[in-house]
Amino acid sequence: MTECCRRRQVPQVSMPEAVRIAYEEGPRWVQCLGPAAGIMTSCVLVIGQFLLCSVYLVFVAKNYKEIGDYHIGKVNEGYYVLGLCLLLLPLFLIRQLKYLVPLNILSNILLYAGFILIMYYLFSGLPSIKERELVKPPIEWIEFFGIAAFSLTAVGSMLVVEANMAHPQNYLGLFGVLNLAVLFILFSNLFFGIMGYWRFGESVQASVTLNIPQCEILSQVIKFCIATGILLSYPLHGFVVITVIFSDYSNTEENKRKHHKLIECVVRIIFLLFTGVVAIVMPNLAALTELEGAFSLSNLNLLCPALMDIFLCYGKGYGRLKWRLIRDLLLILIGLIFGFVGCAMAIRQLIHDFRVTLGQM
């Protein structure tokens, strides 16, 4: 994207615009595909963020249900999702990113307060590491990669944050905001992944918060902190969809903007309701997480950047022994295999769960 800005001599471009520019810089036979490729990238961004927000609703609903079942008795998880949608409605109608900053600061505080507290349960009663199966069959690796990729696929949110930074030049670079954030996320996931499996073994849930006791005050505080932290980050991730729709594709003529705010609010409400519907009919947290991770990672983190690099380097060459072309083709191959297999496995599980849900109605 930075290279696209340099070639067009503009300060900033969105990801769909960058894809279009990259195609226009490539071979003549792909140049006409630029506009279509940009639209497809927008669709992938929207679908990825939609799935991400659906996963968040499922995660929060399951943790709130754990608390609610203990205090008020068992209630269908769908009612918790409906309640969350009502709570999110005023927050999701906030139209400017700067007003979401306090929400995300509070979200981070709650999340890491919960992470610190949950260590009490992770380190209590640790069995011998020899009791755990350290290597799983390769067929299960795909599911792992899909779920692990979920934490590294927030490309849409990354782009929105960079676009609204006062000093976007600090975003990239070896010690830039992006690298430091991803490194922090990576080590956090390594820690909780290792400790969660070491502590709970084969009984570990899709979220380790569902493994800690339901009846203790401390565990309920942990569930509430982490779930609320995730809930408060929903408006930021949904903001990406609105940005794609109304910044990249809305008509800016004055006569077209008379009902712009009303239309945007309606789109926000529809998006929130649709994520709620998906969370109700597909409550399998692991499968939904795997689907979002496989879909977004394969498209936004592998296929899209590799294709862009191939087309941008078309005129100036691919380096000695065409190493850049080989690297990009390898990324495309990995993206296609990972995306197809990961999405297929997740969709199969979600279809099965959907049929079970219909049978219970």
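An unreviewed UniProt entry annotates the chain as Glutamate transporter polyphemus isoform X2 originating from Drosophila kikkawai. What UniProt records for the chain under Subcellular location (unreviewed entry) is the sentence "Membrane".

This part takes up the overall build of the chain. Within the chain one finds 13 helices and zero strands. Starting at the N terminus and walking to the C terminus, you meet the elements of the chain as α-α-α-α-α-α-α-α-α-α-α-α-α. Here the C-alpha atoms of the chain give a radius of gyration of 22 Å, agreeing with the 21 Å that 2.2 N^0.38 yields for 361 residues. Out of the 361 residues in the chain, the part that is buried amounts to 44%. Contacts in the chain between residues at least 24 apart in sequence constitute 77% of all its contacts with a sequence separation of at least 6. In the structure as shown, the chain presents an accessible area of about 19,700 Å², 69% of it carried by carbon and sulfur atoms. Between the centroid of the 27 positive side chains of the chain and the centroid of its 23 negative side chains there is a distance of 5 Å.

We now examine the packing of aromatic side chains. Throughout the structure, instances matching the rule amount to eleven aromatic pairs. Aromatic pair phenylalanine 92 and tyrosine 234: ring centres 5.6 Å apart, planes at 75°, arrangement edge-to-face. With phenylalanine 92 in helix α5 (residues 77–92) and tyrosine 234 in helix α10 (residues 217–248), this pair connects stretches of sequence that are 142 residues apart. Given the relative accessible area of 1%, tyrosine 234 is considered buried. Aromatic pair tyrosine 120 and tyrosine 121: ring centres 5.1 Å apart, planes at 80°, arrangement edge-to-face. The exposure class assigned to tyrosine 121 is buried, which follows from its relative accessible area of 7%. In this structure an aromatic cluster arises from ring pairing among Tyr112, Phe115, Phe123, Phe184, Phe191 and Phe192. The positively charged end of arginine 268 is found above the aromatic ring belonging to phenylalanine 92, 5.5 Å away from the centroid.

The next subject is the nonpolar core. Considering soluble globular proteins, one finds that nonpolar side chains tend to be buried as a cluster. With 78 residues, the main nonpolar core has Val60 and Tyr234 as its most contacted residues. Looking at this core element by element, the count peaks at 16 residues for helix α12 (residues 285–312).

With that settled, the discussion passes to the pattern of salt bridges. Inspection of the entire model under this criterion finds 16 salt bridges. Notably, a salt bridge pairs lysine 65 with aspartate 69, separated by 2.7 Å at the nearest N-O pair. Linking lysine 65 with aspartate 69, this pair stays in helix α4 (residues 34–72), spanning four residues, or about one helical turn. Look at aspartate 69 and you get buried, because its relative accessible area is 14%. In this structure, the salt-bridge partner of arginine 324 is aspartate 309, at a minimum N-O distance of 2.9 Å. Residue arginine 324 is found in helix α13 (residues 323–360), and its partner aspartate 309 is found in helix α12; the two are separated by 15 residues along the sequence. According to the relative accessible area criterion, arginine 324 is partly exposed, its value standing at 25%.

This next bit is on unusual backbone geometry. Non-glycine residue leucine 321 carries a positive phi angle of around 60°. Inspection of the secondary structure puts leucine 321 in the loop between α12 and α13. Here leucine 321 falls in the exposed class, since its relative accessible area comes to 73%. With phi around 55°, lysine 322 is a residue other than glycine that occupies positive phi space.

Running from N to C, α4 and α5 cross one another at 115°; their axes reach a closest spacing of 9 Å. With respect to the hand of their crossing, α4 and α5 are arranged in right-handed fashion. Residues Leu57, Val58, Val60, Ala61, Lys62, Tyr64, Lys65, Gly68, Asp69 and Ile72 of α4 lie in contact with α5, whose contacting residues are Glu77, Tyr80, Val81, Leu84, Cys85 and Leu88. Of the residues contributing to the contact of α4 with α5, the split by class is eleven nonpolar, one polar and four charged.

Scoring rules and cut-offs
- Residues numbered from 1 in each chain as written.
- Predicted model: local features only at pLDDT ≥ 70, side-chain atom pairs only at ≥ 80, totals over all residues.
- Heavy atoms only, no water.
- UniProt positions renumbered as here; feature names shortened; annotations may be inferred.
- Helix = DSSP H or I, 4+ residues; strand = E, 2+ residues; numbered from the N terminus.
- Rg over C-alpha atoms; globule rule 2.2 N^0.38 Å.
- Buried < 20%, exposed > 50% of the residue type's maximum accessible area, 1.4 Å probe, protein only.
- Contact = heavy atoms within 4.5 Å.
- Areas by Shrake-Rupley, 256 points an atom, 1.4 Å probe, with all protein chains shown as cover.
- Lys, Arg positive; Asp, Glu negative; His and termini not counted.
- Charge placed at Lys NZ, Arg CZ, Asp CG, Glu CD.
- Phe/Tyr/Trp six-rings, centres within 6.5 Å; stacked < 30°, edge-to-face > 60°.
- Lys NZ or Arg CZ within 6 Å of the ring centre and 35° of its normal.
- Core = buried A, V, L, I, M, F, W, Y, C linked by side-chain atoms within 4.5 Å.
- Salt bridge = Lys/Arg side-chain N within 4 Å of Asp/Glu carboxyl O.
- Axes fitted to C-alpha atoms, helices over the stretch in contact; angles between N-to-C directions.
- Left-handed = near helix turned anticlockwise from the far one by under 90°.
- Nonpolar A, V, L, I, M, F, W, Y, C, P; charged D, E, K, R; others polar.

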